[in-house]
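# Fold and geometry: a report
Spelled out, the chains give:
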Amino acid sequence: MRFSRIAFHLILLSFILAGCTPVRIQRPIKVHEEDWTVFGGNAQHTNQSPVVLSPPLEIAWEYDASGGFGTGSPVAADSFVFVGTLSGEIHVVHSKTGERVGVVSVESAVTGAPLIDGISLIAGSATGDRTLISYDYRDGITRWAKELGGIESSPVRFGYRLFVTTLGGILYCLDKASGNELWRYETKAPIHSSPATDGMTVVFGCDDGFLYAIDLETGKLIWRFKAGRSIFSTPSIYQGRVFFGSLDHTLYALNLKDGKLFWKHTAGGKIYGTPAFSEELVFFGATDGIFYALRIQDGSVAWRFFATSIINSSPVVSGDYVYFGSLDKKLYALDTFTGALKWSFDVKGRIKTSPIVWRNYLIVAVEDRSLFAFKPASVK
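Given the structure is predicted, the values throughout are model-derived calculations rather than measurements.

## Examining the overall build of the protein
Within the protein, the secondary structure is distributed over zero helices and 35 strands. Taking 380 residues into account, the globule formula puts the C-alpha radius of gyration at 21 Å, and the protein, at 19 Å, falls close to it. Along the first, second and third principal axes, the C-alpha set of the protein runs to 55 × 50 × 35 Å. The proportion of buried residues among the 380 residues of the protein is 61%.

The structure is reproduced here in structure tokens:
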């Protein structure tokens, strides 16, 4: 097998932080368009996989992360899966074997998903002096680290801009290369919702019950919309609309341009997760244990599926299937058109973290310490 000169370089992937554990990768990580490098799969957080993964599935491997997981998701690129833990670690796992490549320690709990951007791994943590860090895994150095206050959301980038929300109630726009602040927008309440962007507008929910739409270039408020209660759900941008759930049991669909309400649907429980989309339907779960499929155009119910416990993570759409997990310790695969159950699997613990479909795998983190990869039963 031929390798370019750079392929012989040893890449040291380690954060220069107290107590860090080096991660050594023997070749460069190559990021491809189909890789799942950010929460929700893209900057719009649509939770749509370009891969069609058809059930039934079987376990390909299980990895012990020795710690619990937050409400983000794993991310994956090249041959590696990255997942943050509440014990302040980012585990790097080989995607084909499930073997540990290494563990990177950060200052505190990693609640959201890390971000893979070219040669950089960017991650936020809940407390500490450097709560946002950008690490160059090609050269083995920390490019920059910022004290932004607690972060329990997932960073996102567009072009050279990096966006992150904080528990201090601030949306930051940073230069991704240097970490220098370009602008900030301040609210008066904590922010648990991650930002989403279409390249012109940045939207995020806030504990004050408002969804904010901010101009990407200037950092100025374009509009805001008041829900009935706090918004922990990360919004999604799809077909010129922004979709988000609230603790008021409601999923909202707004016009991204002006914040006008298109429709809203009241569920039977609180909505914490981010929606997923097919061409005509939007999917989400709620704490009433019901998984909903609504028509994008008018919010009418296409079908419902009843799980046996709370659903507070995000689903993912893969072809004609939608996958999600529940606190009933089950993974589900439903037909997107009818809601018919096509496959389910009992795991060892509750599922609060969003699954991803990447390459030929369904990858999901399960309480309190296991990362599972599933593959089609027909694939050997």
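Read on, since the account is not over.
## Considerations on the layout of surface pockets
One number sums up the size of the largest pocket: a volume of about 390 Å³. Around the largest pocket, the lining is made up of 22 residues, and of these Glu33, Asp35, Thr37, Val38 and Gly41 lie nearest the centre. Within the residue set of the lining of the largest pocket, elements represented by two or more residues are strand 9 (115-117) and strand 13 (156-158). Of the residues contributing to the lining of the largest pocket, the split by class is nine nonpolar, eight polar and five charged. Thr71, Gly72, His192, Phe232 and Tyr272 are the residues nearest the centre of the second largest pocket, which is lined by 20 residues in total. When its residues are assigned to classes, the lining of the second largest pocket shows three nonpolar, 15 polar and two charged.

## Some details on the sheet that holds strand 17 (residues 196-197)
The strand order 17-18-19-20 describes an open sheet built from four strands, whose pairing is antiparallel. The strands lining the two open edges of the sheet, one partner per strand, are strand 17 and strand 20 (221-226). In this sheet, strand 20 lies alongside strand 19 (residues 210-215) in antiparallel orientation, the contact comprising five bridges. The residue bridging alanine 213 from the neighbouring strand is tryptophan 223, located in strand 20.

## Overview of the nonpolar core
Ranked by internal contacts, the top residues of the largest apolar core, which has 34 residues, are Tyr323, Trp343, Trp358, Leu362, Ile363, Leu371 and Phe374. Taken together, the elements giving at least two residues each to this core come down to strand 4 (57-64), strand 6 (80-84), strand 30 (321-325), strand 31 (330-335), strand 33 (356-358), strand 34 (361-366) and strand 35 (370-376). Other than its neighbours up to four places away in sequence, tryptophan 358 contacts Glu34, Asp35, Trp36, Ala76, Ala77, Asp78, Ser79, Phe80, Val81, Ser95 and Ile363. Listed in part, the 28 residues of the second largest apolar core include Leu132, Leu148, Tyr185 and Phe204.

## Some thoughts on the environment of glycine 150
Here glycine 150 lies in the loop between strand 12 (141-146) and strand 13. On the basis of relative accessibility, which here comes to 15%, the residue glycine 150 falls in the buried class. Sequence spacing of glycine 150 and threonine 165 is 15 residues, and the spatial spacing of their C-alpha atoms is 9.0 Å. Ignoring any residue separated from it by four or fewer positions in sequence, one finds glycine 150 in contact with Ser125, Ala126, Thr166 and Leu167.

## Side note on the sheet that holds strand 9
Two pairing modes exist for strands in a sheet, parallel and antiparallel, and in both the strands are linked by backbone hydrogen bonds. The sheet built from four strands is open, its strands ordered 9-10-11-12 with antiparallel pairing. At either end of the open sheet lies a strand with only one pairing partner, and these are strand 9 and strand 12. Recorded for the sheet is a direction-independent mean angle of 20° between the axes of neighbouring strands. Bridge count between strand 10 (residues 120-124) and strand 11 (residues 132-136): five bridges; the pairing is antiparallel. Along strand 11, the bridge assignment pairs leucine 121 with tyrosine 135.

## Concerning the pairing of strand 19
Extensive coverage of strand 19 is indicated by the burial of five of its six residues. Sheet analysis places strand 18 (residues 201-205) next to strand 19, joined by five bridges and oriented antiparallel. In the sheet register, phenylalanine 204 faces strand 19, and the bridge partner there is tyrosine 212. Taking the residues that link successive antiparallel strands as the turn, the strand 18-strand 19 hairpin has four residues, and the phi of glycine 209 there is positive, at about 90°. Counted along the chain from strand 19 to the antiparallel partner strand 20, the turn is five residues long, and its residue glycine 219 has a positive phi close to 80°.

## Some remarks on the side chain of threonine 201
Take threonine 201: it is sitting in strand 18. Apart from residues lying up to four places away in sequence, threonine 201 is in contact with Ala196, Ala213, Ile214, Leu216, Ile222 and Leu256.

## Focus: the side chain of serine 236
For serine 236, the location among the structural elements is in strand 21 (residues 236-238). Here the side chain of serine 236 touches histidine 45 through a polar contact of 2.6 Å, landing on its backbone oxygen. In this structure, serine 236 is in contact with Gln44, His45, Arg241, Val242, Phe243, Thr274, Pro275 and Phe277, ignoring residues within four places of it in sequence.

Rules behind the numbers
- Residues numbered from 1 in each chain as written.
- Predicted model: local features only at pLDDT ≥ 70, side-chain atom pairs only at ≥ 80, totals over all residues.
- Heavy atoms only, no water.
- Helix = DSSP H or I, 4+ residues; strand = E, 2+ residues; numbered from the N terminus.
- Rg over C-alpha atoms; globule rule 2.2 N^0.38 Å.
- Buried < 20%, exposed > 50% of the residue type's maximum accessible area, 1.4 Å probe, protein only.
- 1 Å grid on protein atoms, 1.4 Å probe; cavity = no way out; pocket = protein on both sides within 12 Å on 5 of 7 lines; lining within 4 Å.
- Points joined across faces, edges and corners; volume = space filled by probe spheres on them.
- Nonpolar A, V, L, I, M, F, W, Y, C, P; charged D, E, K, R; others polar.
- Pairing = 2+ DSSP bridges.
- Core = buried A, V, L, I, M, F, W, Y, C linked by side-chain atoms within 4.5 Å.
- Contact = heavy atoms within 4.5 Å.
- Axes fitted to C-alpha atoms, helices over the stretch in contact; angles between N-to-C directions.
- Polar contact = N/O pair within 3.5 Å; in protein donor to acceptor, adjacent residues only side chain to side chain.

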